[in-house]
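Geometric and topological summary
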Amino acid sequence: MLENYNAKNIWSGALGYLEMVVQESVFKTWLKNTRGLAIEKELLIVSVESIFAIEMLSQRLEDSINDALLQTIGKKFSIKYVLSTHKIEQSSKLDAGKIKGSWINPKFNFDTFITGSSNYLAFAAAKKVCESPGALYNPLYIYGEWGLGKTHLIQAIAKTLKIKGLNIVSVTGESYTNDFVKSVKNNNLNELKKYRDCDIFIIDDIDFFSGKKQTVESLIHIINQLQLSEKQVIVTSYNHPNKINMSTRLTSILKSGLIVKIQTPDKETSKKYILKKFNDNFRNFDEKLVDFIASKKFTSFSEIEGIIKSLVAHSELLNKNISEEMVINIIQDYKLENIKDINISIEKIFSLVKYMFGIDELDLKSRKNDKKTNYARHFAAYLLIEKSNFSTSQAGKLLGNRNHSTIIYSVNKMKNELSKNVQLKAEIEKSILQN
C-alpha cells in the first residue's frame, strides 16, 4: 500500500532502478545526490543540487523517471524539483570534486564567456558535456588560434563538473609529457596514475605531442581506458587533428568524438565583448567608442583585452574619462585594419604577387625554395592574413599546405620589414589600389 511509503523510500527505490538502466556517468552527475523530500497529494517533491539538474531531470530524463516509479511503486507522480536545503548543500560540499593540474582562473566560467557566431558551437558543446560527461561527445576536441577562448571554456567545464562531485585532471601537453618522462626515468607507472583514475581528463594544447611517439602511445592507452569507463576526455589544440604530426591511432581516437573550431571574432561578437569590458571598467562612456573599436579586425579576444587594459591604465593614470582621442591613440599603436576596408580577393592577392615579383600561384604553392619565391610567398601570406579575412590555417592551405608556424613567421617577417621600409609599404598600398 502506498501509505506505507514516504518520499525518501519512494525516490530511493526509483534511484535503484535508474542506476541499472541509465549510463553510469548520467546517474552519477544528475541522480546520485538527489533526495525525496515530501509527498503532497499526487506531487512528489525531490531536492537537487543545481538548476542544471532541474532542467535535465524534468525534460531529458522525464520518461526514464516515470518508468522507474511505475516499476518500483506501481504508479506515476507529478514531480516538483527544488534546490537542496542548506543541510543537503553542506553534505554535497563534503563530496565536492577536485581539480588537479593547471592553475584555474577564477574569472573563467560559462557566465563570463561571450558568445557569437564565431564560437557558439564550441560553447554549446562544452555545456552539453557538462550535462552528460562521458556519454555524448567523447572526446570533445576544441581547436582554434591563440586567444579565442579555448582555455576559458575548458576551465568553465572543469569548475561546473567539480561542483557535481567529479574529479578533474587538467594539464597542458607539456605537463603531461614531463610526467611521462619522469615515469620512464624512475621506472614508476604510478606517476601517470592520476590520469587513469580521474573522472574528467583535460589536455590543453595537444600540439605539444607532435612527433613524440612514446608519449603519444602512453596517452592512447590512458584515453582508451577512460573511454571504456565512460570518463570524459577534453582536448584543445591550435590545429585540426589531421594537421598534427601524431600517430594515426591517436588521430582516429580524437576524430571519433566531436571536433569544433573557434573562429576569429566577427564584428558583432567583438562588439559584445568590448561593451561588456567597458561596462565592467568604466562608469561613463560614449557607446560610439565601442562601435569604433569594434570596427577593427581582431585576430583574438586577447588583442581586445590588451586595448581595454591600456584604456583603463591611461584613464586611471591621467585621471581622465576615456575619450575619442585616447582611444584613437591607443588603437593606432596596434595598427589594426578596418573591417569595412578588408575586401581583397584571393584572385587579386595572387595577381598582385605576380605583378610585383613575377611569381605565379603554382610556384607559391610549390616546394620551390629559392630566395625570390620565398620572399613572394612571405608577401602572399602577409596579404592573406593582414589584408583579407583568412585565418592562418586557411592561408597555409592556399599556399601549398604550409603550417600555422610557417604562416606566422612569414607575416611577422613582412610586418617587421614594412615597419622599417616606409617606401615599400607605400608601394604595396598603391599597388593594392591600382592592381
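Residues numbered from 1 in each chain as written. Predicted model: local features only at pLDDT ≥ 70, side-chain atom pairs only at ≥ 80, totals over all residues. Heavy atoms only, no water.

1. Focus: the overall build of the protein chain
Looking only at helices and strands, the protein chain features 21 helices and 9 strands. A total of 435 residues make up the protein chain; the buried ones form 46% of that total. Carbon and sulfur atoms form 49% of the exposed surface of the protein chain, whose accessible area is close to 23,200 Å². (Helix = DSSP H or I, 4+ residues; strand = E, 2+ residues; numbered from the N terminus. Buried < 20%, exposed > 50% of the residue type's maximum accessible area, 1.4 Å probe, protein only. Areas by Shrake-Rupley, 256 points an atom, 1.4 Å probe, with all protein chains shown as cover.)

2. What about helix α11 (residues 248-255)?
Along α11, the positions that sit buried rather than exposed are L250, T251, I253 and L254. All buried residues of α11 project into a common sector of 160° when viewed along the axis, lining one side. Taken together, the buried residues of α11 touch β5 (140-143), α10 (213-228), β8 (232-237) and β9 (258-261). (Arc of directions from axis to C-beta. Contact = heavy atoms within 4.5 Å.)

3. Brief notes about the nonpolar core
Among the nonpolar cores identified, the biggest contains 26 residues, and Y176, Y195, F201, I206, F209, L219 and L250 are the most heavily contacted of them. For this core, the elements supplying multiple residues, two or more each, are β5, β6 (168-172), α8 (173-185), β7 (200-204), α10, β8 and α11. Here this core gets 6 residues from one element, more than from any other, and that element is α10. Those residues in contact with Y176 that sit more than four places away from it in its chain are V171, L192, Y195, F201, F209, T215, S218, L219 and I222. (Core = buried A, V, L, I, M, F, W, Y, C linked by side-chain atoms within 4.5 Å.)

4. Re the pairing of β8
Counting buried residues in β8 gives 6 out of 6 residues, a clear majority hidden from the surface. Side chains Q232, I234 and T236 project from β8 onto one buried face, and the interleaved V233, V235 and S237 project onto a second face that is buried too. As defined by bridge partners, β5 adjoins β8 across 4 bridges and the pair is classed as parallel. Within β8, the residue paired with Y141 across the bridge is V235. As judged from the 4 bridges shared by β7 and β8, these two strands associate in the parallel manner. Within β8, the residue paired with I200 across the bridge is Q232. As for the winding sense of the linkage, the β-α-β connection from β7 through α10 to β8 is right-handed. (Pairing = 2+ DSSP bridges. Right-handed = clockwise from strand over helix to strand, strands pointing away.)

5. Here we look at the packing of α8 against α10
Here α8 crosses α10 at 100°, and the two axes come no closer than 10 Å. Taken together, the axes of α8 and α10 are roughly perpendicular relative to one another. Contacts between α8 and α10 involve Y176, T177 and F180 on the former and, on the latter, Q214, T215, S218, L219 and I222. Residue composition of the contact of α8 with α10, grouped by class: 4 nonpolar, 4 polar and no charged. (Axes fitted to C-alpha atoms, helices over the stretch in contact; angles between N-to-C directions. Parallel < 35°, antiparallel > 145°, perpendicular 65-115°, else oblique. Nonpolar A, V, L, I, M, F, W, Y, C, P; charged D, E, K, R; others polar.)

6. Quick word on the side chain of E131
Structurally, the position occupied by E131 is in helix α6 (residues 120-131). Classification of E131 as buried rests on a relative accessible area of 18%.

7. Topic: the sheet that holds strand β2 (residues 43-48)
Strands sit in the order β1-β2-β3 across an open sheet of 3 strands; the sheet is mixed. Edge positions in the sheet fall to β1 (35-40) and β3 (78-83), since each of these pairs with one other strand and no more. This sheet shows a mean twist of 25° between the axes of neighbouring strands, independent of strand direction. Of the strand pairs in this sheet, β1 and β2 are connected by 5 bridges, and their pairing is antiparallel. For G36, the partnering residue across the bridge sits in β2 and is V46. Strand contacts of helix α3 (residues 51-60): β2 and β3, with the helix running at about 165° to β3, the strand carrying the most contacts.

8. Topic: the pattern of salt bridges
Summed over all chains, the structure comprises 13 salt bridges. Two residues, K128 and E131, come together in a salt bridge whose shortest N-O distance is 3.8 Å. Pair noted here: K128 and E131 are both in helix α6, with a separation of 3 residues, about one helical turn. The salt bridge involving D197 is made with K193; its shortest N-O contact spans 2.4 Å. Of the two residues, D197 and K193 are both situated in helix α9 (residues 193-197); the distance of 4 residues between them amounts to about one turn of the helix. (Salt bridge = Lys/Arg side-chain N within 4 Å of Asp/Glu carboxyl O.)

9. Considerations on the packing of aromatic side chains
For any two aromatic rings, the description comes down to two numbers: the centre-to-centre distance and the angle of the planes. Under the counting rule described, the total for this entry stands at 13 aromatic pairs. Ring geometry for F357 against Y375: centres 5.6 Å apart, planes inclined by 65°, an arrangement best described as edge-to-face. One end of the pair, F357, is in helix α16 (residues 346-357); the other, Y375, is in helix α18 (residues 371-386), with 18 residues separating them in the sequence. Among the residues examined, F357 registers a relative accessible area of 17% and is labelled buried. The class for Y375 is partly exposed, based on a relative accessible area of 22%. By the ring-pair criterion, three or more aromatic residues cluster together here, those being F110, F113, Y120 and F123. Across from the ring centre of F77, 5.0 Å away, lies the NZ or CZ of K75, which sits over that ring. The ring of F208 carries the charged tip of K212 above its face, separated from the ring centre by 4.3 Å. (Phe/Tyr/Trp six-rings, centres within 6.5 Å; stacked < 30°, edge-to-face > 60°. Lys NZ or Arg CZ within 6 Å of the ring centre and 35° of its normal.)

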